[in-house]
Amino acid sequence: TLWSRIVYPWIFYWDGIAMRIEWEDGDNEQFMEVSPPLDPAILHEGMRIRGLRAGDISRWRISEFCFTTGDINLIHICDEDAQRADFPRVVAPGRFTGSLIEGAIYAHRIFLHPILFNSSETYENPVFPQDKISFNFLIAAVRKTSKNPRKYVVQLRVTGINQHDIIVIRGSRTLLVQRPQ
């Protein structure tokens, strides 16, 4: 099957067999289905890839991230401390949520051997254990590199949405990617 399951009416979760890319052509909505990794030569500004799911968000993963990075703010580890800070329970660190963007890019094999050049994000709402985050990507720019015609620089705008249709993160990523053989 092309889609492993429908998450929201407009968001699909891909199983790696095919990916839907959408864009507008005048007044018409266009799309194509391609197998990852994407060839950056077919991309252009305004194309969208919607609904790429992040990995599981568990207390264990949040704690592991905190101890690995040194972000041991107790609101990320202890419910009581999170509640004193007006959160209902443990909240994921912002950089953990940001790292889920790369996780979605790599897990879904959007591009061949992506190298992250630049990233930025704003955290709009908290992420909690057991949240389900899907990412929508907008191609902001694509260009060939001057030194290697098989490599491209791709700029993405990213929006992360939780299972309640609430935006939790917005950001951008600039990647160096290769054309598939």
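Below is a short write-up of the structure. Chains are numbered independently. Their residues run from 1 in the order of the written sequence. pLDDT decides what is reported in this predicted model: residues at 70 or higher carry local features, side-chain atom pairs at 80 or more are listed and counted, and totals for whole chains, interfaces and linings draw on all residues regardless. Only heavy atoms go into the side-chain values, all of them from the structure, while hydrogens and water stay out.

## Section: the overall build of the protein
The numbering of helices and of strands both runs from the N terminus, where a helix is a DSSP run of H or I of at least 4 residues and a strand a run of E of at least 2. Counting its secondary structure elements, the protein contains 3 helices and 9 strands. In sequence order, the protein lays out its α and β elements as β-β-β-β-β-α-α-α-β-β-β-β. Radius of gyration (C-alpha) of the protein: 17 Å, near the 16 Å computed for a compact globule of 181 residues. Projecting the C-alpha coordinates of the protein onto the three principal axes gives extents of approximately 50 × 40 × 30 Å. A burial count over the protein gives 43% of its 181 residues as buried. In this analysis, two residues are considered to be in contact whenever any of their non-hydrogen atoms come within 4.5 Å of each other. Restricting the contact set of the protein to residue pairs at least 6 apart, pairs at least 24 apart contribute 63%. Residue-level accessible areas treat just the shown protein chains as cover; the underlying method is Shrake-Rupley with a 1.4 Å probe. Carbon together with sulfur atoms contributes 51% to the accessible area of the protein, which is approximately 9,600 Å² in total. Separation of charge centres in the protein, based on 21 positive and 21 negative side chains, amounts to 7 Å. Every radius of gyration here is taken over C-alpha atoms, with the globule rule written as 2.2 Å times N^0.38, N being the number of residues. For the exposure calls, accessible area comes from a 1.4 Å probe over protein chains only, and a residue counts as buried if that area is under 20% of its type's maximum, exposed if over 50%, partly exposed in between. Neither His nor the chain termini are counted; the positive set is Lys and Arg, and the negative set is Asp and Glu. A charged residue contributes its charge at one atom only: NZ of Lys, CZ of Arg, CG of Asp or CD of Glu.

## A word on the pattern of salt bridges
We define a salt bridge as a side-chain nitrogen of Lys or Arg found within 4 Å of a carboxyl oxygen belonging to Asp or Glu. Across all of its chains, the model carries 11 salt bridges by this definition. Its salt-bridge partner being Arg59, residue Asp79 comes within 2.7 Å of it at the nearest N-O pair. Here the residue Asp79 occupies a position in helix 2 (residues 79-84), and Arg59 occupies one in helix 1 (residues 59-69), the gap between them amounting to 20 residues.

## Observations concerning helix 1
Along helix 1, the residues classified as buried are Ile62, Phe65 and Cys66. All buried residues of helix 1 lie within an arc of 100 degrees about the axis, which places them on one face of the element. Facing away from the buried side of helix 1 by more than 90 degrees, the exposed set consists of Trp60, Phe67 and Thr68. At the exit of helix 1 stands Gly70, carrying a positive phi of roughly 85 degrees. The directions considered for the arc are those from the helix axis to the C-beta atoms.

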